[in-house]
Amino acid sequence: MIEDYLRQLRRALGFWPKARLLAETEDHLRSAATDVGEEEAIRRFGAPAEIARSFRARLGWLYAGVALAGALAFPVLSYPIVENSLPPAPWPGDRPPDYLHWQQDKVAQLFLLGVAAGLVAAATWRRGGRIRMAACVVAALALVGMAALGAVLSVQWADAVPGTPAWLSSVWLGQCLLAVLAAVLTGRAALLSRA
Amino acid sequence: MKREAIRGHLDLLLLSALDLGPGHGYALIERLRDRSAGTFDFPEGTIYPALHRLERAGLLTSRWSTGRARRRRVYSLRRKGRAALKEQLQEWRLFARAVERVVGNAA
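Residues numbered from 1 in each chain as written. Chains lettered and ligands numbered in written order. Predicted model: local features only at pLDDT ≥ 70, side-chain atom pairs only at ≥ 80, totals over all residues. Heavy atoms only, no water.

Considerations on the nonpolar core
All names here are of chain B. The following threshold applies: Among the buried residues, those of types Ala, Val, Leu, Ile, Met, Phe, Trp, Tyr and Cys that are joined through side-chain atoms within 4.5 Å form a nonpolar core. Buried means the residue's accessible area, taken with a 1.4 Å probe over protein chains only, is under 20% of the maximum for its type, while exposed means over 50%, and partly exposed covers the values in between. Only DSSP runs of H or I with at least four residues qualify as helices, and only runs of E with at least two residues qualify as strands; both kinds are numbered from the N terminus onward. In what follows, residue pairs with any heavy atoms lying within 4.5 Å of each other are defined as contacts.
In terms of nonpolar packing, the biggest core is built from 39 residues, with Leu14, Leu15, Ile47, Leu51 and Leu60 touching the most fellow members. No other element matches helix α2 (residues 10–19), which puts seven residues into this core. Excluding its chain neighbours within four sequence positions, the residues that come into contact with leucine 14 are Leu32, Ile47, Ala50, Leu51 and Leu54.

A look at the sheet that holds strand β2 (residues 60–65) of chain B
Across a sheet, strands are paired by hydrogen bonds formed along the backbone, either parallel or antiparallel in direction. Residue and element names in this part refer to chain B. Here is the rule: Whether two strands pair depends on DSSP finding at least two bridges between them.
An order of β1-β3-β2 is seen for the three strands of this open sheet, with the pairing classed as antiparallel. The strands lining the two open edges of the sheet, one partner per strand, are β1 (23–24) and β2. The sheet contact formed by β2 and strand β3 (residues 72–77) spans six bridges and is antiparallel. Its bridge partner lying in β3, serine 65 is registered against arginine 72.

Comments concerning helix α5 (residues 79–103) of chain B
Residue and element names in this part refer to chain B. Filter applied, for reference: Under the convention used throughout, the expected extent of a helix is 1.5 Å for every residue step, that is, one less than its residue count.
In a regular helix each residue adds 1.5 Å, so 25 residues correspond to 36 Å; α5 covers 36 Å between its end C-alpha atoms and thus fits that length. Turning to α5, its buried residues are Gly81, Ala84 and Leu85. Buried residues in α5 make contact with α2 and β3.

Regarding the packing of aromatic side chains
We count it as follows: Ring pairs are drawn from Phe, Tyr and Trp, using the six-membered ring of Trp, whenever the two centres fall within 6.5 Å, and their geometry is named by plane angle: stacked under 30 degrees, edge-to-face over 60, tilted for the rest. Two limits define a charge over a ring: the Lys NZ or Arg CZ must be within 6 Å of the ring centre, and within 35 degrees of the ring normal.
Under the definition given, this model contains four aromatic pairs over all chains. Here the aromatic rings of A:Phe45 and B:Tyr48 are separated by 6.1 Å at their centres, their planes lie at 35°, and the arrangement is tilted. Residue A:Phe45 is located in helix α3 (residues 38–45), and its partner B:Tyr48 is located in helix α4 (residues 47–56); the two belong to separate chains. Just as A:Phe45 is buried, B:Tyr48 falls in that class too. Geometry around A:Trp125 places A:Arg132 over its ring, the cationic atom sitting 4.7 Å from the centre.

Observations regarding the interface of chain A and chain B
This is how it is decided: Buried area: the accessible area, evaluated with a 1.4 Å probe, that two parts lose upon being put together, summed over both parts. Here a salt bridge means any side-chain nitrogen of Lys or Arg lying within 4 Å of a carboxyl oxygen belonging to Asp or Glu. Pairs of N or O atoms within 3.5 Å make up the polar contacts considered here, provided that, within protein, one atom can donate a hydrogen while the other can accept it, and that residues adjacent in sequence are counted only when both atoms are side-chain atoms.
On the side of chain B, 24 residues touch chain A, which itself brings 20 residues to the contact. Regarding the contact of chain A and chain B, the summed buried area is about 2,000 Å², with carbon and sulfur atoms giving 50% of it. At the boundary of chain A and chain B, one finds two salt bridges. Residue A:Arg20 pairs with B:Glu55 through a salt bridge whose shortest N-O separation is 2.7 Å. Summed over the shared surface of chain A and chain B, the number is 13 residue pairs in polar contact (both at pLDDT 80 or more). The set of elements that each furnish at least two residues to the side of chain A that touches chain B consists of α2 (19–36), α3 and α4 (48–85) of chain A. Element by element, the count of residues in the side of chain A that touches chain B is highest for α2(A), at 11 residues.

So, the pattern of salt bridges
Residue and element names in this part refer to chain A. Here the structure, examined in full by the defined rule, presents 13 salt bridges over all chains. Across the pair glutamate 40 and arginine 43 runs a salt bridge whose closest N-O atoms are separated by 2.8 Å. In this pair, glutamate 40 and arginine 43 are both assigned in helix α3, three residues apart and thus about one turn of the helix distant. Here glutamate 40 falls in the partly exposed class, since its relative accessible area comes to 25%. Owing to a relative accessible area of 54%, arginine 43 belongs among the exposed residues under this scheme. Connected through salt bridges with shared partners, the residues Glu3, Glu26 and Arg30 form a single ionic network.

Description of the pairing of β3(B)
Residue and element names in this part refer to chain B. Of all six residues that make up β3, five are buried, and the element is covered over most of its length. Relative to β3, β1 runs antiparallel, the two sharing two bridges. In the sheet register, glycine 23 faces β3, and the bridge partner there is tyrosine 75.

Here it is, written out as structure tokens:
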């Protein structure tokens, strides 16, 4: 019975590194079984799904953290490519028309908000808790906003600047996908934590 | 006692149990059961996520014990854990006194 329970727990844990937990569980169950029997020991220990749930919550935050880090790093890594691929702008000076300029500002502000929230999340990562959750949610929302506005900006910029390569829009598509992935994984981690 | 009521205090309970000395998971469950006269009834396996979390927070340390037929992880309280225990005990006693004052005369 204990072997069967350990198999179920192994399956419930999924990709979570499980060697230590399984060893501790086996020791616990075998110790308890000498006092109350295997069946009662397993009943007292709890259902595998319940035990695995809190470990899955932690794994969920790991996935969310990696996705957020990727979505924050992408604009930094792709910026040189975009900057060096854009043709010269038709307007005089460095300042684009107002309808493009305010969007640039907002994209930059949302990115900085995402970075600030990401740093708070990183600083509180080990402690976990509501601050980390709130920071991850703010970072994810900022990234989604930035990606959405950036996508609109890229289309309008391409219209305003003749010769803009069509493939540049795929850069913002990539940013959008990463931002949505980060937001989904963050939401999932938050739900798993509250379960 | 309802599981939800215990969940919020599990850290305090585990730190208190380890204050008596190092122990493995089942030994800690036995201590909690004995000291609470059987009041606490929750899935025993749920202490392991809590123990791992307290260890990551630097409040506990653990090691595999040697010389046994199977592996056993033994936990012990660190100095930071004792300080956290003291702080949480103070908070708990303040809370318990306040609740008692509010409900003391209730039917």
